[in-house]
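Spelled out, the chains give:
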Amino acid sequence: MVGLSLVERHCLLLLSVMLVSLTTADVKVDVIVEPVFLPSQLNNSMEFTVACTAREEIYRRYRYDTSRILSRLRILIETSVYNTWQPMAQLSNMEPSRVFVDPSFPNVKAVGSISPSMLSKSSGLSVTWTGPTVDAIRRFRCDAITFDSRYRELGHYHYDDTRTKTENLNSYSLTQLSSGDKITFMEKLNNISTKMDKEKVAASHKKATSDERVQVDHILMRLKQRIEEAKRTQAEKLERMGQILNDLITHYLENNTRQLDTVRNTLDSAVEGSFLMLWPNGTYALPMPSSGCPSTSGQYWKEGSLRHHTESIQRNEDEVSPGHHLQQPVLNRIEDKFFVYQRFCVKTEGNTFGPAWPRGSYCINAVSSCPDGFGTGYLTWDEEDFRPSAIHSGNLPSGEFEDTKTMLKYCCRQDGRPEESVDMPRFQPFYLYRYGGKCQQVVGMNVTEEYIHFDTENSNNGDKALYNHPDVELNDLVLHLCYYVQA
């Protein structure tokens, strides 16, 4: 991908996502543009509509296939770069009746809904705008992503395109309308004028009285004047229309950079905004909630746990926030020894499709290197020195695990305000680490702050926090977490 622009790289990224599993065997997707034919008179009150529908066909390729679930439905418009597409509006099964419209289309109205059952009822999405614009002469795409009802497989991508750029305008672009119609009209007027001149010559050769010839000349002169006036008036109107259209096209071309920036931002939003509601690409780990690890289709999670041996010679002050949602047990005592458990959901497969992590203020556990946009940091627990009994098992984040010391590696970022909500998968509850004193807000999720208090070694305590690490207090280490559940 060396030498490609950011837009081209993002387009290739989205295309690679789409090509993961292309199928048209059991889901029908259609896109229709209205009007199909242009009326004889263009006017600013004309409405243009693009309608997108998706429905599961009754036919089954295999006997035991399950019904499909529609995850996302979109309408896209072809950009000025051939065969690259910009989303106009989309629906998600997370909010099946709420349509999201790209802000670069402020005059577009959109409606639609996703049906719970693709067999019993079609899902649909449509956009409408008023007045003939440059958008009216472009191609449109309707695309959909579906999963089987048990989420046992990768998402399937389905789409349908309008066949030509101008099928909804009688194969005329707006510039053709302004130039072609003007030429045709002027030719007709010139033909009429020429015919009248010939009739005048013929009439002059007729035998008639001088009064009749004067009358004929007067009539012919008036007709010619009316024709010339009509030619001039219509020419001015057509010139004005052509100028308006040329200004529109010139404005579009002059603002091409802004349009490309809009496309770039849209693609960034498509990737960073998690249109597919999948966890971000790469390898990393998160604290495990009581509901367990994510079960997102096409992404793979493994589990691991740490048992910290905390202060057991003197009075122990291990604590976890009341009403916490961590996987139990968190605190435990075996005979005269005290323990605190940390359990993790570890995404071990880095080559799965998904968005980038959104900008914001939060931390995650590192698995190997940190994803783009994060800084690296470390926390160290100084555990009980006497008869140490720390245990680590399963798949764990990057770190060092010794009998009397545990070190974990973290990835933290602070390139966005925590009050500005970001998009994250909303299928199941999850944890992030607090960073910068406040929990990051997430769209469609309620967040609560929680903590774990580790009563670490009292003698020559060696708790450490280096570089970019979650919010923490040392010498009896207190780790701050953020728990998210769908609102």
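Residues numbered from 1 in each chain as written. Predicted model: local features only at pLDDT ≥ 70, side-chain atom pairs only at ≥ 80, totals over all residues. Heavy atoms only, no water.

**Quick look at the sheet that holds strand 8 (residues 140-148)**
Here is step 1: In space, the five strands of this open sheet follow the order 5-4-3-8-9, with antiparallel pairing throughout. Pairing within the sheet leaves two strands with one partner each, and these edge strands are strand 5 (95-101) and strand 9 (156-161). Averaged over all neighbouring strand pairs, the angle between strand axes comes to 25°, with direction disregarded.
Here is step 2: Here strand 8 runs beside strand 9; their pairing, made up of six bridges, is antiparallel. By the bridge assignment for strand 9, D143 is matched with Y159. (Pairing = 2+ DSSP bridges. Helix = DSSP H or I, 4+ residues; strand = E, 2+ residues; numbered from the N terminus. Axes fitted to C-alpha atoms, helices over the stretch in contact; angles between N-to-C directions.)

**As for empty space enclosed by the protein**
A water-sized probe rolled over the atoms picks out the places where empty space is left.
Here is step 1: As enumerated under the stated definition, the model contains five cavities of 30 Å³ or more in all.
Here is step 2: Forming the boundary of the second largest cavity are 13 residues, of which P287, L326, Q342, R343 and I452 lie nearest the centre.
Here is step 3: Contributing elements (two or more residues each) for the lining of the second largest cavity: strand 14 (337-347) and strand 24 (478-486).
Here is step 4: The greatest single-element share of the lining of the second largest cavity, amounting to four residues, is contributed by strand 14.
Here is step 5: Looking at the lining of the second largest cavity residue by residue, the classes come out as 10 nonpolar, two polar and one charged. (1 Å grid on protein atoms, 1.4 Å probe; cavity = no way out; pocket = protein on both sides within 12 Å on 5 of 7 lines; lining within 4 Å. Points joined across faces, edges and corners; volume = space filled by probe spheres on them. Nonpolar A, V, L, I, M, F, W, Y, C, P; charged D, E, K, R; others polar.)

**Let's talk about the state of the cysteines**
Here is step 1: Evaluation of the coordinates by the stated rule reveals five disulfides.
Here is step 2: There is a disulfide in this structure between C293 and C345, and the S-S distance comes to 2.1 Å. Taking the sign of the torsion about the S-S bond as the criterion, the disulfide between C293 and C345, at about -95°, is left-handed. Of this pair, C293 sits in the loop between strand 10 (284-287) and strand 11 (301-310) while C345 is found in strand 14, placing the two residues 52 residues apart along the sequence. Taken individually, C293 and C345 each receive the classification buried, so the pair is uniform in this respect.
Here is step 3: Paired through a disulfide, C439 and C482 show a sulfur-sulfur distance of 2.0 Å. On the sign convention where negative is left-handed, the bridge of C439 and C482, at about -90° about the S-S bond, is left-handed. Taken together, the positions of C439 in the loop between strand 20 (430-433) and strand 21 (445-453) and C482 in strand 24 put the pair 43 residues apart, joining distant regions of the chain.
Here is step 4: C439 sits in the buried class, given a relative accessible area of 8%.
Here is step 5: What links to what in the protein: the bonded cysteines, counted in sequence order, pair as 1-2, 3-4, 5-8, 6-7, 9-10. (Disulfide = S-S within 2.5 Å. Buried < 20%, exposed > 50% of the residue type's maximum accessible area, 1.4 Å probe, protein only.)

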